[in-house]
Amino acid sequence: MIPLVICSLISLAVVYDRWTAFKKNRRIDTRSLRAKVLEHLRHNNVNAAIDECVSTKGPVAAVMLTGLRSYSHLQGKNEKSETMRMVIAQVMEEYSAQAMSVVNKRLEFLTTIGTAAPLLGMTGTVTGMIASFAGLADAGSIGGSGGLVAEGIAEALVTTAVGLIVALMAVIPQSVFNRWSDQIELEMEESSSERAETEVRCCRMLLLYLHSCGGSPAAYLRCLLPALAAAATAIA
């Protein structure tokens, strides 16, 4: 019974911790954040988009911030659009894995408890039945009462019930947390793909438009504003 009590306390602590963390994350409007970031990018204001992500907590904002900082770094080096897309996608994917490990932190305890608690309950059932049969043997050999038998059966039933209850306390919250975790992961993937495609489309439109204007500095200056307008239209 003592192991089951310990498992129940650990399960309650983990459930409270993860419930609090997921509740805070679900208050964050990630769609609004993505819309604001894209709006800043349409105006070629990468720093404002970065500040928007810095001021917002949560794993989705952290992944978007990683992609924006990578884009800002590559933009300063004048990298090709395809290279930028590949690097940004890889950086955001790697950071997404780290962010998801934080999201799923301590959920493995619920998995272990959900699996072990019924087994511990069954162990109590076996020990209770052993005590019952030992009581039957004593009652038959020395004329004892059936009190020991009843006590052993009660132990078997109680430990089985407690084991199942503890398992349910772990399995049901884990199922809910896994569903919320999948939603966060989906939002990360959507943000990553949206972020990379927006940057590449913007860069590609600028490069193509400027290339069509000729190679002289004066031609580049004449085409700069129309190029920015064309890029903004492409990602709108």
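Before reading on, note that the structure itself is shown above.
These notes cover the structure that comes with them. (Residues numbered from 1 in each chain as written. Predicted model: local features only at pLDDT ≥ 70, side-chain atom pairs only at ≥ 80, totals over all residues. Heavy atoms only, no water.)

1. Observations concerning the overall build of the protein chain
Next, step 1: For the protein chain, the count of helices and strands is 8 helices and 0 strands.
Next, step 2: In sequence order, the protein chain lays out its α and β elements as α-α-α-α-α-α-α-α.
Next, step 3: The contacts of the protein chain with a sequence gap of at least 6 include a subset with a gap of at least 24, amounting to 74%.
Next, step 4: Total accessible area on the protein chain is roughly 13,600 Å²; 64% of this is exposed by carbon and sulfur atoms. (Helix = DSSP H or I, 4+ residues; strand = E, 2+ residues; numbered from the N terminus. Contact = heavy atoms within 4.5 Å. Areas by Shrake-Rupley, 256 points an atom, 1.4 Å probe, with all protein chains shown as cover.)

2. A few points about the environment of Ile10
Next, step 1: Along the polypeptide, Ile10 turns up in helix H1 (residues 2-26).
Next, step 2: Take Ile10: its relative accessible area is 36%, and that puts it in the partly exposed class. (Buried < 20%, exposed > 50% of the residue type's maximum accessible area, 1.4 Å probe, protein only.)

3. Here's the deal with the environment of Gln90
Next, step 1: Mapped onto the elements, Gln90 comes out in helix H5 (residues 81-103).
Next, step 2: Using a relative accessible area of 48% as the deciding quantity, one classes Gln90 as partly exposed.
Next, step 3: Considering only alpha carbons, one finds Gln90 and Gly67, 23 residues apart in sequence, at a separation of 9.2 Å.

4. Here we look at the packing of aromatic side chains
Next, step 1: Tallied over the entire structure, the rule returns 4 aromatic pairs.
Next, step 2: Judged by centre distance (5.4 Å) and plane angle (15°), the ring pair of Phe22 and Phe177 falls under stacked. Here Phe22, found in helix H1, pairs with Phe177, found in helix H7 (residues 147-211); they are 155 residues apart in sequence, far enough to count as distant.
Next, step 3: A residue is classified by how much of its surface remains accessible, and Phe22, at 3% relative accessible area, is buried. (Phe/Tyr/Trp six-rings, centres within 6.5 Å; stacked < 30°, edge-to-face > 60°.)

5. Considerations on the pattern of salt bridges
Next, step 1: A complete count under the given rule lists 3 salt bridges for this structure.
Next, step 2: With a closest N to O distance of 3.0 Å, Asp17 and Arg18 form a salt bridge.
Next, step 3: For Asp17, a relative accessible area of 25% gives the class partly exposed.
Next, step 4: Residue Arg18 is classed as buried on the basis of its relative accessible area of 6%.
Next, step 5: Among the salt bridges present, the one from Arg106 reaches Asp17, with a minimum N-O distance of 2.8 Å. On the criterion of sequence distance, the pair formed by Arg106 in the loop between H5 and helix H6 (107-142) and Asp17 in helix H1 is long-range, its members being 89 residues apart.
Next, step 6: Here the salt bridges do not stand alone but share partners, grouping Asp17, Arg18 and Arg106 into one network. (Salt bridge = Lys/Arg side-chain N within 4 Å of Asp/Glu carboxyl O.)

Treat this as a map of the structure, not an account of what it does.
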